[in-house]
Amino acid sequence: MTDRVSESMDRRTFVAQSAGALAAVALAPGLAHAALRSRDDIRVGIIGLGRQGRSILAELQTFNNVFIKGLCDVDARRLGSARRREQGAAAFESVEALLGSDEIDAVFIATPTHRHREPVEQALAAGKHVYCEAPLAHTREDAAAIARAARNAAGVFQSGYLARANPVYDLARSFFRSDAVREPVSLRAQHHRKTTWRTPARNPAREQALNWRLDPDVSLGLAGEWGAHQFDVFHWFLGRYPTRVTGGGSVRLHQDGREVHDTVHCTLEFPDGVPMTYSATLANSYGNRYEVLHGENAAIKLGWSHGWMFKEADAPTQGWEVYANRQQFHQDEGITLIADATQLASQGKLKDGVGLPHDAVWYGIETFLKAVLDGAEPACSAEEGYRATSVAIAAAEAVKSGSAVDIPEALLRL
């Protein structure tokens, strides 16, 4: 795979080139995401107005140079509700009608996962720029079709894997790719949130449509829908992909006849033998969502809006640590990872930079708009989106079957 980080730069070369500049990497103002150029306007449409579509709508409304021109959903109630929130947008009952509008430059696809392929292919064929929610699809066939369509399209395509657009994660990755952490020892992640995944509805057909995540025929379950985003964090940091996944699950809390597990666990095995353990549940909220990367010199913990580095006592110091903001976690002291820390420190406002001011979705939207307007690279390409989706599908298969699933390298090639 020609665009894999591991093939373009090995760890030792990276360390040799960056060791002298680590402080600049840690505190450089250039890591902050620049604002979009205000003189540029972009007209957008949203296809799919469920929970994620509404979240995208809310975040788009914060960009001054974005004009929401079209809204589309097959559910009349959702379409009407979104139209009331954005009265400047036209309501379309079909994807074809929205894509036929000359007033739309780019579209956000936020339909259920198993219904991504058709609107993506149609939008790309219509010459629109496309942002597609992640995972890309519920089958490898559909995910590959989306990636190939994006490869051959004139417009920009971005996969909605949000870690790659996150400034705190970008900064953390700079540390991870240097001697600040060194070789990985173990990897861990979880997503715990006590909720049901079930939306009540009086109409059986609407109830089935709203609760597609609980339909075993189309749902990737917790490992696919939630885990996909977190697995991709490790793909991006390591520049490698797992070769095998084992897993299992059960219904621990929601005894309502569902077949899709409300609690799952997975172990992803990477080529160098380092395992990544993952757990997700709808039955408990403790710890919420995070990823941890343990290395020889330090551990990094990431929580989407925040990040910390915990240095080992015998790890070498590099000078910048004396200026860092720190937080105590029981017996451990974490250095807060703050993008644009140099500028904030010079203003005496370093603590003001702790935590991101926006939701993770905002940064995904921002990077997509910059790619469209400025010609920048999208945060997550269609090819990387396909690989992350393929791994998520394998994890979902392992959870469902309770057995190991191999992920050969050939499977990750288009």
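Everything that follows concerns the structure shown earlier in this document.
Residue numbering note: each chain is counted from 1, following its sequence as written. Reporting of local features is limited, given that this is a predicted model, to residues whose pLDDT is at least 70; pairs of side-chain atoms are given and counted only at 80 or more, and all residues count toward the totals for whole chains, interfaces and linings. Side-chain measures here rest on the full set of heavy atoms in the structure, leaving out hydrogens and waters.

K.L.:
With reference to specific residues and values, describe the sheet that holds strand S14 (residues 326–329).
P.N.:
Any two strands with at least two DSSP bridges between them are considered paired. To qualify as a helix, a DSSP run of H or I must reach at least 4 residues; to qualify as a strand, a run of E must reach at least 2; elements of each kind are numbered from the N terminus. Taken together, ten strands build an open sheet; the order of strands is S14-S15-S13-S12-S11-S7-S10-S9-S8-S16 and the sheet is mixed. The open sheet has two edge strands, S14 and strand S16 (405–406), and neither has a second partner. Where strand S7 (residues 184–192) lies against strand S10 (residues 275–281), six bridges are found, and the strand directions are parallel. Its bridge partner being in S10, alanine 189 is matched across the sheet by tyrosine 278. Any two residues whose heavy atoms approach within 4.5 Å at even a single point are treated as in contact. Where helices are involved, their axes are fitted lines through C-alpha atoms of the stretch in contact, as for all axes, and angles between N-to-C directions lie from 0 to 180°. Here helix H9 (residues 167–176) sits on the sheet in contact with S7, strand S11 (289–295), strand S12 (298–302) and strand S13 (307–311), set at roughly 165° to S12.

K.L.:
How would you explain helix H15 (residues 382–401) if you had to name every residue and give the values?
P.N.:
Helices are assigned an expected span. That span is 1.5 Å times one less than the residue count. Helix length check: H15, at 20 residues, gives a terminal C-alpha distance of 28 Å against a target of 28 Å (1.5 Å per residue), a fit within 8%. Where H15 terminates, the next one or two residues include glycine 402, which has phi positive at roughly 75°.

K.L.:
Explain the side chain of glutamine 190 residue by residue, including any values.
P.N.:
The topology assignment puts glutamine 190 in strand S7. Any residue under 20% of the maximum accessible area for its type is buried, any over 50% is exposed, and the rest in between are partly exposed; the area is computed with a 1.4 Å probe on protein chains only. Classification of glutamine 190 by relative accessible area gives buried; the value is 9%. Each polar contact in these results corresponds to two N or O atoms within 3.5 Å; when the atoms are within protein, one needs to be able to donate a hydrogen and the other to accept it, and residues that are neighboring in sequence are counted only if both atoms are side-chain atoms. Within the local environment of glutamine 190, its side chain forms a polar contact with the backbone oxygen of tyrosine 286, the two atoms lying 3.0 Å apart.

K.L.:
I'd like a description of unusual backbone geometry, backed by residues and values.
P.N.:
A cis geometry characterises the amide bond from alanine 134 onward to proline 135, with omega recorded as -5°. With respect to the secondary-structure elements, proline 135 resides in the loop between strand S5 (129–133) and helix H8 (140–151). At asparagine 288, a residue that is not glycine, the phi angle is positive and equals roughly 55°. Here asparagine 288 lies in the loop between S10 and S11. In this model, tryptophan 304 sits at a positive phi of 75°, which is unusual for a non-glycine residue. Among the structural elements, tryptophan 304 can be located in the loop between S12 and S13. With relative accessibility at 5%, the residue tryptophan 304 sits in the buried group.

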